[in-house]
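Structural overview for review
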Amino acid sequence: MTKENRLWEKGFIRPAIILSLAILVIVISHLSLAQTTSNTTAELQSLNQSILALENRTAYYPSAAVPSWLDTGSNAWTLTAATFVGLQSIPGITLYYAGLSKKKYAVNTALMVFYAFAAVLIVWMIAGYNAGFGYPAFIRVGEYGIMGYPLPAWSGIYEAHQAVYGPGGTLVNIPMSTFIFFQFVFAAITPVLLAGGVLERMNFKAWMVFVPLWSLLVYSPVAYWLFAGGWLNQLGVVDFSGGYVIHVDAGVGALAAALAIGPRLASERKLEAHSLPLVLAGTGLIWLGWDGFNGGDPLGATIDAAIAVLNTNIAAATSAIAWMFMDITLFKKPTLVGATSGAITGLVAITPAAGYVNGWEAMVIGIASGTIPWLALYKLEPKLRVDDTLGVFSTHGIAGIVGGLLTGVFADPSVTQYVDPGLAGALYGNWYQLAVQALGAAVVFVYDFAVTFGLLKLIGLFVPLRAEPTELAIGDYAMHGEVAYSELLATIPEFAKRKMEEAVEVEEDEKKK
């Protein structure tokens, strides 16, 4: 028997062969698994990249179009919110103001709004944006930012850059072009609202000069102080979405402008809304557009944006009903004009507070905005003897101040943690906040009134501020050569002659007095 047979019989060779085969199988399996795992990992990585690209809808764009700093969701919401705010002006306020005006001034009213919206965009791109939000600060007093450089904002590279603004160089995860457009619609709606104080008598040519200058000299500086992180922000004043910057600016500007221009014709100094359906349609666009107005302020689809939208609607509804109760108390019946006015004062008053307060506080602000501006409109304004055509000072100026002060009372830390951690109002132990809110209101009031009044008086040296009595007697046809309602054309010759004579007689009588 050979040596190999003896080993086989003793059982040594058979286990060795089996073990060798097992090791070979394991090695081959391991190599195969390693290759499979490597391929699978690469495939998974490629798949993940494809999924991410599809989720962000970036698969079809150059990589430069979707840089790492860009939040596509925030960008989409901010552009959408800006469009909502733009729709508040055209057609929202256009319809609202035209419906509240006399029939013969409907075209003039609409064109004043339309022109203001277009003119502000031009001056905004030339100098207004960078004056109001530019980085770095052009004018500083110590550490306090006063104003940005009034330079153009239309460079392609600049518009594509990550948004950075204000004296502190605040970065936002959206493009500069989105931020510029978002801030533009707020700049535009401010003189649009102001127009309501001077309707039915302002010379349109004077309005054309006034709007771009006012936007640059009044709106942009105040925006820098309270939106961009300027000196009032640095002192602690807060304005969530424009209670001071937009509505106090517009309301006080309307008061100053009405005083500088003078009253309407003696026979026309009464509100005569010629189309309540237009008023209601305009109010609907303004109300729902305000979801973008306040909900867009966080510049992203955030928790605070949702809170701001809810608070906005709570305040508007509460204020509308409060105003109706005030109408019933004085006039014994609710009115549609009153209800829509109340909704708008509620929207105005919640604006500085929308992302800082809770639901019940928004309701209290709505009650205040449905009563205090009502008292200002029917009790205070008549004593001022200023012909504020649509009561813009009360419905925007007073409502904005009320909302700003109540922000200093109600700012709730459980809400502000989502947008401005540490901010608290007097109700939560921080009385300083109420004090600086009052300071902010006073500064904006004085600055706005002084510059608006002075600017109009300066313009008046070169262009008449008031339309001629003969133009006012006819209205739209004399001012623009067109009318909103064709039936007016048939009555113009006889009507114009009679009205022109009456207007001249009234003006002469007033001069004699």
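As a reminder, the structure under discussion sits directly above these lines.
A brief report on the enclosed structure follows. Bear in mind that the values here come from a model prediction, so they are computed numbers and not experimental data.

**Quick notes on the overall build of the protein chain**
- In terms of regular secondary structure, the protein chain is built from 19 helices and four strands.
- Scored against the burial criterion, the 513 residues of the protein chain give a buried share of 50%.
- Restricting to contacts in the protein chain with at least 6 residues of sequence separation, those with at least 24 account for 76%.
- Here the protein chain displays about 23000 Å² of accessible surface, and carbon together with sulfur accounts for 67% of that area.

**So, helix 10 (residues 276–295)**
- Along its 20 residues, helix 10 runs 28 Å from first to last C-alpha, staying within 8% of the 28 Å computed at 1.5 Å per residue.
- Within helix 10, the axis deviates most sharply at glycine 289, by approximately 30°.
- Within the sequence span of helix 10, burial applies to Val279, Gly282, Thr283, Ile286, Gly289, Trp290, Asp291, Gly292, Phe293, Asn294 and Gly295.
- Against the buried residues of helix 10 lie helix 3 (72–100), helix 6 (176–194), helix 9 (243–261), helix 11 (303–331) and helix 12 (336–350).

**A look at the packing of aromatic side chains**
- What the rule picks out here adds up to 29 aromatic pairs.
- Centre to centre, the rings of phenylalanine 331 and tryptophan 374 are 6.4 Å apart; their planes meet at 55°, and the pair counts as tilted. Residue phenylalanine 331 is found in helix 11, and its partner tryptophan 374 is found in helix 13 (residues 359–384); the two are separated by 43 residues along the sequence.
- Using a relative accessible area of 35% as the deciding quantity, one classes phenylalanine 331 as partly exposed.
- For tryptophan 374, a relative accessible area of 4% translates into the label buried.
- An aromatic cluster is present here, built from Trp124, Tyr129, Phe133, Tyr165, Phe179, Tyr219 and Phe227 joined pairwise through their rings.

**Thoughts on the pairing of strand 1 (residues 137–141)**
- Relative to strand 2 (residues 144–148), strand 1 runs antiparallel, the two sharing four bridges. Directly across from arginine 140, in strand 2, lies its bridge partner glycine 145.
- In sequence, strand 1 turns back onto strand 2 through a hairpin of two residues, with glycine 142 there showing a positive phi of about 65°.

**Let's talk about unusual backbone geometry**
- Put simply, isoleucine 90 and proline 91 share a cis peptide bond, and its omega is 20°.
- Note that proline 91 resides in helix 3.
- In this structure, proline 136 follows tyrosine 135 across a cis peptide bond, with omega equal to 0°.
- Positive phi values are uncommon outside glycine, yet leucine 299 reaches one of about 60°.
- Position of leucine 299 among the secondary structure elements: in the loop between helix 10 and helix 11.
- According to the relative accessible area criterion, leucine 299 is buried, its value standing at 10%.
- Of note in this structure, lysine 332 is not a glycine but carries a positive phi near 70°.
- Its place among the elements puts lysine 332 in the loop between helix 11 and helix 12.
- Residue classification places lysine 332 among the exposed positions, given a relative accessible area of 65%.

**Structural notes on the packing of helix 11 against helix 13**
- At a minimum axis separation of 7 Å, helix 11 and helix 13 run at an interaxial angle of 40°. Classified by the interaxial angle, the pair formed by helix 11 and helix 13 is oblique. As for the relative orientation of helix 11 and helix 13, their crossing is right-handed in sense.

**A look at helix 4 (residues 106–133)**
- When the terminal C-alpha atoms of helix 4 are compared, their 35 Å separation across 28 residues is substantially less than the 40 Å that a helix rising 1.5 Å per residue should span.
- Considering bend angle alone, the principal kink of helix 4 is centred on tryptophan 124 and spans about 75°.
- Taken across its 28 residues, helix 4 has 21 buried, putting it largely inside the fold.

**What to know about the pattern of salt bridges**
- Overall, the coordinates contain four salt bridges when judged by the stated rule.
- Here glutamate 268 makes a salt bridge to lysine 104, at a shortest N to O gap of 2.5 Å. With glutamate 268 in the loop between helix 9 and helix 10 and lysine 104 in the loop between helix 3 and helix 4, this residue pair connects regions lying 164 residues apart in the sequence. Across the pair, exposure class does not vary: glutamate 268 and lysine 104 are buried alike.
- A salt bridge links arginine 264 to glutamate 200; the shortest N-O distance between them is 3.1 Å.

**Topic: the nonpolar core**
- Trp207, Phe210 and Tyr219 are the most contacted members of the largest nonpolar core, which totals 117 residues.
- Dropping the residues within four chain positions of it, tyrosine 219 is found in contact with Trp124, Gln183, Phe186, Ala187, Thr190, Trp214, Phe227, Val245, Ile246 and Asp249.
- If you look at the next biggest cluster of nonpolar residues, it comprises five residues, including Tyr105, Ala467, Leu472 and Met479.

Conventions we followed
Residues numbered from 1 in each chain as written. Predicted model: local features only at pLDDT ≥ 70, side-chain atom pairs only at ≥ 80, totals over all residues. Heavy atoms only, no water. Helix = DSSP H or I, 4+ residues; strand = E, 2+ residues; numbered from the N terminus. Buried < 20%, exposed > 50% of the residue type's maximum accessible area, 1.4 Å probe, protein only. Contact = heavy atoms within 4.5 Å. Areas by Shrake-Rupley, 256 points an atom, 1.4 Å probe, with all protein chains shown as cover. Expected span 1.5 Å × (residues − 1). Bend = angle between axes of the 7 residues up to and from the residue. Phe/Tyr/Trp six-rings, centres within 6.5 Å; stacked < 30°, edge-to-face > 60°. Pairing = 2+ DSSP bridges. Axes fitted to C-alpha atoms, helices over the stretch in contact; angles between N-to-C directions. Parallel < 35°, antiparallel > 145°, perpendicular 65-115°, else oblique. Left-handed = near helix turned anticlockwise from the far one by under 90°. Salt bridge = Lys/Arg side-chain N within 4 Å of Asp/Glu carboxyl O. Core = buried A, V, L, I, M, F, W, Y, C linked by side-chain atoms within 4.5 Å.

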